[in-house]
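# An overview of the molecular structure
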Amino acid sequence: MNNPHTDLSVLGVFSLLSLLAIGGGTAVLPEMKALTIDAHHWLTDSQFRDIYSLGQVAPGPNMLMVIVIGYHVAGTPGALLAFTGFFLPASVLALGSSRLWNHFDGSPWRLALQMALAPIVVGLMAAGTVAVARTAITGTETTLIAVAVFVLVYFGPKIIGAKVNPAFYIFAGGLLGYLTLT
Amino acid sequence: MSVTKPPIPAPPSAPGAPQGAPATQVSLLEIFITFLIIGGISFGGGVVAYLRNALVVEKGWLDEEEFLTALEISQALPGLNATNMSVIVGDRLRGPVGAIVGFLGMTLPGGLLVFALGIFYVSNHGNPAMHAILAGIGAAAVGLLAAVTVQIGHKQLEHLREILLILITVVLVSFLHVSLVLVLLTVLPLALFIYRPGRGEVDEP
């Protein structure tokens, strides 16, 4: 399963995604689905859902699940290549640009760029949510879990006056899935 | 505010080096461990809050304004806030080596856990209990993502042009399945034109 061509594809796909991830990981999920499921047939819809869910259990940056996609496609080298591809290009860019950004301190274009990006990022996050929903919402149970979590996260703090760590909802979702879907 | 970069990294400092002093005195090990802790405890997203607490409140490596500037850069660039911040702050403290050390600390705990889970997942494929748990987590993640998106979008959902930009983006990506490259190449210039400097109108930030 480990041929050089596949390895190169994994590196290429995730490097491209790295540079497209404006607005964070969620923003790039639709493109990640299109490339890994439709273009390369590395995963099925439900495998994508499973692997995305695995990533939710871990701490740190929320797109570490690319490691599992790489592992699924091409073993341990694939895991390393997906990780490197997804994180290296953007990190190198961040290293170079942070100095450049400070150079433009006070430039009106800096504010213009921030204001222009804000609605696009919200749009891309919404599209990322739709992309996950299309694989994860499969019936009554999953719909109810998603709606319940949305209501609790969005309205909960206004009602009980305190914020609950989102990790709690992730684990509760896993438990409910185990109880209702097996 | 400008960040000056010393050309030569200074030797590691003794513990208790003056805070807010030239950042070169922070040791690489301290950078690594600080990001390792953030990367290891920031469950459920919201890494920004953990970063602020560690970098501004506990370590005093950045003041509020510097933190917000670093965050602005992280958000304006491709990549994740968490890793971009680790690179930018690591670089600020100890140059490119600091950036690498910060990045590795940030990604190591979660990366190793996800890798172990991934091996388990691939070798237990078809296990109904595992798929049921992951299906439940996926559904909860959808609710979470939707709530976070609405919370962030709430500020923008007041002006017609912002709503239009959001809608154009969602329709292009989710319903017309236009590639993200094309979407960014068309919508971003459009948005930049709308918000171009000197258009004779002042917006609240």
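Residues numbered from 1 in each chain as written. Chains lettered and ligands numbered in written order. Predicted model: local features only at pLDDT ≥ 70, side-chain atom pairs only at ≥ 80, totals over all residues. Heavy atoms only, no water.

## Observations concerning the nonpolar core
Side chains that are nonpolar tend, in soluble globular proteins, to be buried together. Ranked by internal contacts, the top residues of the largest apolar core, which has 103 residues, are F14(A), V28(A), M32(A), M65(A), I69(A), F86(A) and L51(B). The leading source of residues in this core is helix α4 (residues 66-103) of chain A, at 14 residues. For this core, the domains that each give at least three residues are domain 1 (23-122) and domain 2 (131-194) of chain B. Filtering out sequence-adjacent residues up to four positions away, F14(A) remains in contact with M32(A), T36(A), W42(A), V66(A), I69(A), A82(A), G85(A) and F86(A). (Core = buried A, V, L, I, M, F, W, Y, C linked by side-chain atoms within 4.5 Å. Buried < 20%, exposed > 50% of the residue type's maximum accessible area, 1.4 Å probe, protein only. Helix = DSSP H or I, 4+ residues; strand = E, 2+ residues; numbered from the N terminus. Domains from an automatic or database assignment. Contact = heavy atoms within 4.5 Å.)

## Some points on the domain arrangement of chain B
As far as domains go, chain B holds domain 1 (23-122) and domain 2 (131-194). Of note, the centres of domain 1 of chain B and domain 2 of chain B, computed from C-alpha atoms alone, are 26 Å apart.

## So, the packing of aromatic side chains
Applying the stated rule across the entire model yields eight aromatic pairs over all chains. On the basis of an interplanar angle of 40° and a centroid distance of 5.9 Å, the ring pair of F83(A) and F103(B) is categorised as tilted. On the criterion of chain membership, the pair formed by F83(A) in helix α4 and F103(B) in helix α4 (residues 81-123) is interchain, its members lying in two chains. For F83(A), a relative accessible area of 17% translates into the label buried. On the accessibility criterion, F103(B) (11% relative accessible area) is buried. Every member of this aromatic cluster is reached through a ring pair, and the members are F83(A), F86(A), F87(A) and F103(B). A cation over a ring is seen here: R196(B) above F193(B), with NZ or CZ 4.2 Å from the ring centre. (Phe/Tyr/Trp six-rings, centres within 6.5 Å; stacked < 30°, edge-to-face > 60°. Lys NZ or Arg CZ within 6 Å of the ring centre and 35° of its normal.)

## Overview of the interface of chain B and chain A
Contacts between the two partners involve 91 residues from chain B, matched on the other side by 94 residues from chain A. Across the interface of chain B and chain A, roughly 8,000 Å² is buried in total on both sides, 77% from carbon and sulfur atoms. Taken together, the connections running from chain B to chain A amount to one salt bridge. Put simply, chain B and chain A have 12 residue pairs in polar contact (both at pLDDT 80 or more) between them. If one sorts the elements of the side of chain B that touches chain A by residue count, helix α5 (residues 128-153) of chain B sits on top with 25 residues. Split by residue class, the side of chain B that touches chain A holds 57 nonpolar, 27 polar and seven charged. (Buried area = accessible area lost by both parts, 1.4 Å probe. Salt bridge = Lys/Arg side-chain N within 4 Å of Asp/Glu carboxyl O. Polar contact = N/O pair within 3.5 Å; in protein donor to acceptor, adjacent residues only side chain to side chain. Nonpolar A, V, L, I, M, F, W, Y, C, P; charged D, E, K, R; others polar.)

## What to know about α5(B)
Owing to its 3.6 residues per turn, the α-helix brings residues three or four apart onto one side. Look at α5(B): 37 Å from first C-alpha to last across 26 residues, which is about the 38 Å you get at 1.5 Å a residue. Where α5(B) begins, one side-chain oxygen reaches toward the backbone nitrogen of A129(B), 2.9 Å away; that side chain belongs to N127(B). (Expected span 1.5 Å × (residues − 1).)

## Concerning the UniProt feature "transmembrane region" (unreviewed entry) in chain A
Residues and elements named next belong to chain A. In this numbering, the UniProt entry assigns the feature "transmembrane region" (unreviewed entry) to residues 51-71, 78-96, 116-137 and 144-160. The straight-line gap between the two end C-alpha atoms of residues 116-137 is 32 Å; of that span, 95% is helix and 0% is strand. Secondary structure over residues 144-160 splits into 100% helix and 0% strand, and the C-alpha atoms at its two ends are 21 Å apart. (UniProt positions renumbered as here; feature names shortened; annotations may be inferred.)

## Re the packing of helix α2 (residues 47-58) of chain B against helix α3 (residues 64-76) of chain B
Residue and element names in this part refer to chain B. With their axes 11 Å apart at the nearest point, α2 and α3 run at an angle of 140° to one another. As α2 runs across α3, the sense of the crossing is right-handed. Along its contact with α2, which presents V48, L51, R52, L55 and V56, the element α3 presents E64, F67 and L71. Grouping the amino acids of the contact of α2 with α3 by side-chain chemistry returns six nonpolar, no polar and two charged. (Axes fitted to C-alpha atoms, helices over the stretch in contact; angles between N-to-C directions. Left-handed = near helix turned anticlockwise from the far one by under 90°.)

## With respect to a nonpolar patch on the surface
Residues and elements named next belong to chain A. On the surface, V147, V151, F155, I159, I160, V164 and F168 cluster together into a nonpolar patch covering about 660 Å² of accessible area. If one sorts the elements of the nonpolar patch by residue count, helix α6 (residues 140-160) sits on top with five residues. Within the secondary structure, V164 sits in the loop between α6 and α7 (166-181). With a relative accessible area of 30%, V164 lands in the partly exposed category. (Patch = residues over 30% accessible without salt bridge, like charges linked within 9 Å, V, L, I, M, F, W, Y side chains within 5 Å. Areas by Shrake-Rupley, 256 points an atom, 1.4 Å probe, with all protein chains shown as cover.)

## Comments concerning the environment of G177(A)
Within the secondary structure, G177(A) is located in helix α7. Once residues within four sequence positions are removed from consideration, G177(A) is found in contact with I145(A), T182(A), A132(B), I133(B) and G136(B).

## Overview of the pattern of salt bridges
For side chains of opposite charge, pairing can occur when their charged atoms come near one another. Residue and element names in this part refer to chain B. Within this structure, the stated rule accounts for six salt bridges over all chains. Between E66 and R92 there is a salt bridge, with its nearest N and O atoms 3.5 Å apart. Note that E66 is positioned in helix α3 and R92 in helix α4, a separation of 26 residues in sequence. By relative accessible area, which is 19% here, R92 ends up buried. E162 is paired through a salt bridge with R161; the nearest N and O atoms lie 3.8 Å apart.

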